[in-house]
Amino acid sequence: MNKRIEVALNDQIQKESSSSQYYLAMASWAENNGLNGTAKFMYTHSDEERFHMLKLIKFVNERGGVAIVPSVPQPPVEFDSLERVFELLLEHELMVTESINSVVDICLQEKDYSTHNFMQWYVSEQLEEEALARGILDKLRLIGGDKGGLYLFDRDMEASAAAANKAGTADKKA
Ligand code: OFO
């Protein structure tokens, strides 16, 4: 495997792993703050990020590279508010998108079209994740401090986690 591509993919493995830990920390915070639906959503999201990481690890190894299982910095324990959680999630996803784009760019520079093709899955995944985070943030801003609204929001998040779980199982079987 081309060295530059291998380094870029290992860097991406690190980012997906840190996304997984970050969302796990958000899940734990939500669970400790009575937001069980949001916690389920975040636990599922954390699992998805782990799947993104595993997919990259397997790809690197199958292509003759060496995947490095990264250590990741400890994510925060406390968050200021639910809105802040989703602001941070969106910021994090924007950073990940930038990183995916840079891997795609390196693939083109190195004329590695099969890795370029593999990375297209991540490109569309990022589009979905950004749209999801923006949609959730819009809802939270509408709700503001309304407790009833927050209760319904949390219930919706539980339904959305269940749907994602179902789709995720199908995805991993595909
Ligand atoms: Fe892996 O998609 Fe988010 O970070």
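What counts as what
- Residues numbered from 1 in each chain as written.
- Predicted model: local features only at pLDDT ≥ 70, side-chain atom pairs only at ≥ 80, totals over all residues.
- Heavy atoms only, no water.
- Helix = DSSP H or I, 4+ residues; strand = E, 2+ residues; numbered from the N terminus.
- Rg over C-alpha atoms; globule rule 2.2 N^0.38 Å.
- Buried < 20%, exposed > 50% of the residue type's maximum accessible area, 1.4 Å probe, protein only.
- Contact = heavy atoms within 4.5 Å.
- Areas by Shrake-Rupley, 256 points an atom, 1.4 Å probe, with all protein chains shown as cover.
- Lys, Arg positive; Asp, Glu negative; His and termini not counted.
- Charge placed at Lys NZ, Arg CZ, Asp CG, Glu CD.
- Expected span 1.5 Å × (residues − 1).
- Bend = angle between axes of the 7 residues up to and from the residue.
- Salt bridge = Lys/Arg side-chain N within 4 Å of Asp/Glu carboxyl O.
- Core = buried A, V, L, I, M, F, W, Y, C linked by side-chain atoms within 4.5 Å.
- Phe/Tyr/Trp six-rings, centres within 6.5 Å; stacked < 30°, edge-to-face > 60°.
- Lys NZ or Arg CZ within 6 Å of the ring centre and 35° of its normal.
- pLDDT = per-residue confidence, 0-100.
- Polar contact = N/O pair within 3.5 Å; in protein donor to acceptor, adjacent residues only side chain to side chain.

### Here we look at the overall build of the protein chain
- The secondary structure content of the protein chain amounts to five helices and zero strands.
- Counting from the amino terminus, helix and strand elements in the protein chain follow one another as α-α-α-α-α.
- On C-alpha atoms alone, the protein chain measures out to a radius of gyration of 17 Å, which is about the 16 Å that the 2.2 N^0.38 rule sets for 174 residues.
- Burial status across the protein chain gives 45% buried among its 174 residues.
- Long-range contacts, defined here as pairs at least 24 residues apart, represent 79% of the contacts in the protein chain between residues at least 6 apart.
- Of the roughly 9,400 Å² of accessible surface on the protein chain, 54% is carried by carbon and sulfur atoms.
- Positive and negative side-chain charges in the protein chain, numbering 18 and 28 respectively, have mean positions lying 4 Å apart.

### Description of helix α4 (residues 113–143)
- In this model, α4 (31 residues) spans 46 Å end to end at C-alpha, consistent with the 45 Å of a helix rising 1.5 Å per residue.
- If you look at α4, its biggest bend is around 25 degrees, right at Met 119.
- Backbone geometry just downstream of α4 places Gly 144 in the positive-phi region, at approximately 60 degrees.

### Considerations on the pattern of salt bridges
- One pass over the full model with this rule turns up 10 salt bridges.
- Taking the shortest distance from any N to any O, the salt bridge between Glu 6 and Lys 3 comes out at 3.0 Å. Placement of the pair is Glu 6 and Lys 3 together in helix α1 (residues 3–32), with a separation of three residues, close to one helical turn.
- Taking relative accessible area as the criterion, Glu 6 reaches 9% and is therefore assigned buried.
- Residue class for Lys 3 comes out exposed when judged on its relative accessible area of 58%.
- Each of Glu 83, Arg 84, Glu 87, Glu 91 and Arg 141 takes part in one network of salt bridges that share partners.

### Focus: the nonpolar core
- Core analysis: the largest hydrophobic core is formed by 25 residues, its most contacted members being Met 26, Met 42, Phe 86 and Phe 153.
- Elements supplying a minimum of two residues to this core: α1, α2 (36–62), α3 (82–109), α4 and α5 (147–173).
- Beyond its immediate sequence surroundings of up to four residues, Met 42 is in contact with Tyr 23, Met 26, Ala 27, Val 85, Phe 86 and Leu 89.
- Core analysis: the next-biggest nonpolar cluster, separate from the first, contains 19 residues, Ile 5, Ile 57, Ile 106 and Cys 107 among them.

### Quick look at the packing of aromatic side chains
- Per the counting criterion, the structure on display carries eight aromatic pairs.
- Centroid distance Tyr 22 to Tyr 23: 6.1 Å. Interplanar angle 20 degrees. Geometry classified as stacked.
- A residue is classified by how much of its surface remains accessible, and Tyr 22, at 15% relative accessible area, is buried.
- With centroids separated by 6.2 Å and ring planes inclined at 50 degrees, the aromatic side chains of Phe 41 and Phe 86 adopt a geometry described as tilted. Separated by 45 residues along the polypeptide, Phe 41 in helix α2 and Phe 86 in helix α3 bring together distant segments of the chain. Each member of the pair, Phe 41 as well as Phe 86, carries the same accessibility label: buried.
- What links up through ring pairs into an aromatic cluster is the set Phe 51, Phe 59, Phe 118, Trp 121 and Tyr 122.
- A cation over a ring is seen here: Lys 55 above Trp 121, with NZ or CZ 4.5 Å from the ring centre.

### Structural notes on the confidence of the model for the protein chain
- Of all residues in the protein chain, 96% have pLDDT values of 70 or greater, and the mean over the chain is 94.
- Looking at the elements of the protein chain, mean pLDDT is at its lowest for α5, recorded as 82, and at its highest for α1, recorded as 98.

### Some thoughts on the side chain of Thr 38
- Here Thr 38 is to be found in helix α2.
- Looking at Thr 38, its side chain comes within polar contact range of the side chain of Asp 154, at 2.7 Å.
- When near neighbours in sequence (up to four residues on either side) are disregarded, Thr 38 contacts Ala 30, Leu 82, Phe 86, Phe 153, Asp 154 and Met 157.

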